[in-house]
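Observations on the three-dimensional arrangement
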Amino acid sequence: MKENNSPQGRDLLTIRHDWSSDETLAIYDSPFMDMVFKAQTIHRAVFDPNKVQFSRLLNIKTGGCPEDCGYCSQSAHHDVARHASKLIDPVRVIEQAKAALAAGATRYCMGAAWRSPKARDMAPVIEMVKGVKALGMETCMTLGMLSAEQARQLADAGLEYYNHNIDTSERFYDQIVTTRSFADRLNTLRHVHEAGMKVCCGGILGLGEQPLDRVEMLRTLANLPEHPDSVPMNMLIPIEGTPLAKAEPVDPISFVRAVALARILMPMSDIRLSAGRTAMTDEMQALCFLAGANSIFIGDTLLTATNPSEDKDHHLLRRLGMERAEARTMVTLSAST
Ligand code: SAM
Ligand code: DTB
Ligand code: SF4
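In short, a report on the structure. These numbers were taken from a predicted model, which means no experiment stands behind them. (Residues numbered from 1 in each chain as written. Chains lettered and ligands numbered in written order. Predicted model: local features only at pLDDT ≥ 70, side-chain atom pairs only at ≥ 80, totals over all residues. Heavy atoms only, no water.)

Our focus in this paragraph is the pattern of salt bridges. Using the criterion set out here, one finds 18 salt bridges in the structure. A salt bridge links arginine 115 to glutamate 67; its shortest N-O distance comes to 3.1 Å. On the criterion of sequence distance, the pair formed by arginine 115 in the loop between strand E2 (107-112) and helix H5 (122-134) and glutamate 67 in the loop between strand E1 (51-61) and helix H4 (90-102) is long-range, its members being 48 residues apart. Judged by relative accessible area, glutamate 67 falls into the buried class, the value being 2%. Each member of the salt-bridge network shares a partner with another, and the members are Arg16, Asp18 and Glu23. (Salt bridge = Lys/Arg side-chain N within 4 Å of Asp/Glu carboxyl O. Helix = DSSP H or I, 4+ residues; strand = E, 2+ residues; numbered from the N terminus. Buried < 20%, exposed > 50% of the residue type's maximum accessible area, 1.4 Å probe, protein only.)

Structural data, given as structure tokens:
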């Protein structure tokens, strides 16, 4: 990548880990057009703005989770009409990954409703990583908290990405989850990073948080020793039976602002427009892409909740003149950007 020496380019693309609360809040509160323009300027200097990367999710172990995350359908603490399943067979996982590859996914993300994996879970999970990798796909897992040793085992198996969200700000965290702390989350992120895997870490909007909590969540991510490679931005999918079933929906403009702030704070990271797209209009999704989102989950289910159908997504992307990106589309920086 060439160095970008134009004054504007240098300022906007500088990778910083020292964002202050006041300056991030000031960006979030700045005029919408200025903010989205800034985010798009950064976005097109780093990525092809007309491309979007596809990931596919698979729930490899559903429900019965001992954690009490207030938004989640899979917590054993909530009265949600869904049953728990055991870890699925690695052979089935690999079959499903083949179908995802045929549908255009370049990354396969496997999620388990665990607080953390048990020793006996590691062998089948490692078999899944190896099998999916052998298909030529990027692999991602989200299995809850990891010890340094478990992170190393997964990295040795070839796992590329580990997803572990901080979900919201540190100050609001205990209003959403009480069975683990914000510090526990950061600890696992450190283990993942130290094991050499790429970090996928983001959060959820619509938990009843204040604008400051959104800004602080993104500031925490940007001020990590390295920016997460991938930042999922989820909009709460309200689930009947969870404490957040009746949460106030997020204002779409505020959601787009959060996407733009993520792009401005973390210029090189993939910003993934994740849960909640079913409830977004096409126009809102288009604004999210304009604000710097460059990745989505495809397929009609996420882990337990629905996602737009492939037909609907293809129709949307066609209308926007957007195409599927190969794994990680980076364009060379030029002095004119
Ligand atoms: N159990 C693991 C963990 O929590 O680390 C992995 C699976 S968990 C379901 C992955 C992420 O999905 C959560 O961190 C949360 O950000 C997101 N998520 C879960 N339920 C959601 C919902 N109803 N709406 C939006 N995002 C949700
Ligand atoms: C993430 O941030 N979003 C994905 C992925 N990481 C694992 C999960 C979304 C889950 C939505 C709710 C459900 O399907 O139950
Ligand atoms: Fe368990 Fe993850 Fe759901 Fe929390 S978000 S209840 S840890 S599956």
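From this point on, the discussion continues.
A volume near 270 Å³ is recorded for the largest pocket. The wall of the largest pocket is formed by 19 residues, among which Arg56, Leu57, Leu58, Gln96 and Thr301 lie closest to the centre. At the level of secondary structure, the elements contributing two or more residues to the lining of the largest pocket comprise E1 and H4. Of the residues contributing to the lining of the largest pocket, the split by class is 10 nonpolar, six polar and three charged. (1 Å grid on protein atoms, 1.4 Å probe; cavity = no way out; pocket = protein on both sides within 12 Å on 5 of 7 lines; lining within 4 Å. Points joined across faces, edges and corners; volume = space filled by probe spheres on them. Nonpolar A, V, L, I, M, F, W, Y, C, P; charged D, E, K, R; others polar.)

All right, on to the side chain of serine 73 then. Mapped onto the secondary structure, serine 73 falls in the loop between E1 and H4. Overall, serine 73 belongs to the buried group, its relative accessible area being 9%. In this view, serine 73 contacts Val80, Arg82, Ile239, Thr242 and Thr304; residues no more than four positions away in its chain are not counted. (Contact = heavy atoms within 4.5 Å.)

Running from N to C, helix H9 (residues 252-265) and helix H10 (residues 282-290) point in directions that differ by 20°, and their axes come no closer than 8 Å. The orientation of H9 relative to H10 falls into the category roughly parallel. You can see that H9 and H10 cross each other, and the crossing is right-handed. The segment H9 lies against H10, with Pro252, Phe255, Val256 and Val259 engaging Met284, Leu287 and Cys288. Within the contact of H9 with H10, the residues separate by chemical class into seven nonpolar, no polar and no charged. (Axes fitted to C-alpha atoms, helices over the stretch in contact; angles between N-to-C directions. Parallel < 35°, antiparallel > 145°, perpendicular 65-115°, else oblique. Left-handed = near helix turned anticlockwise from the far one by under 90°.)

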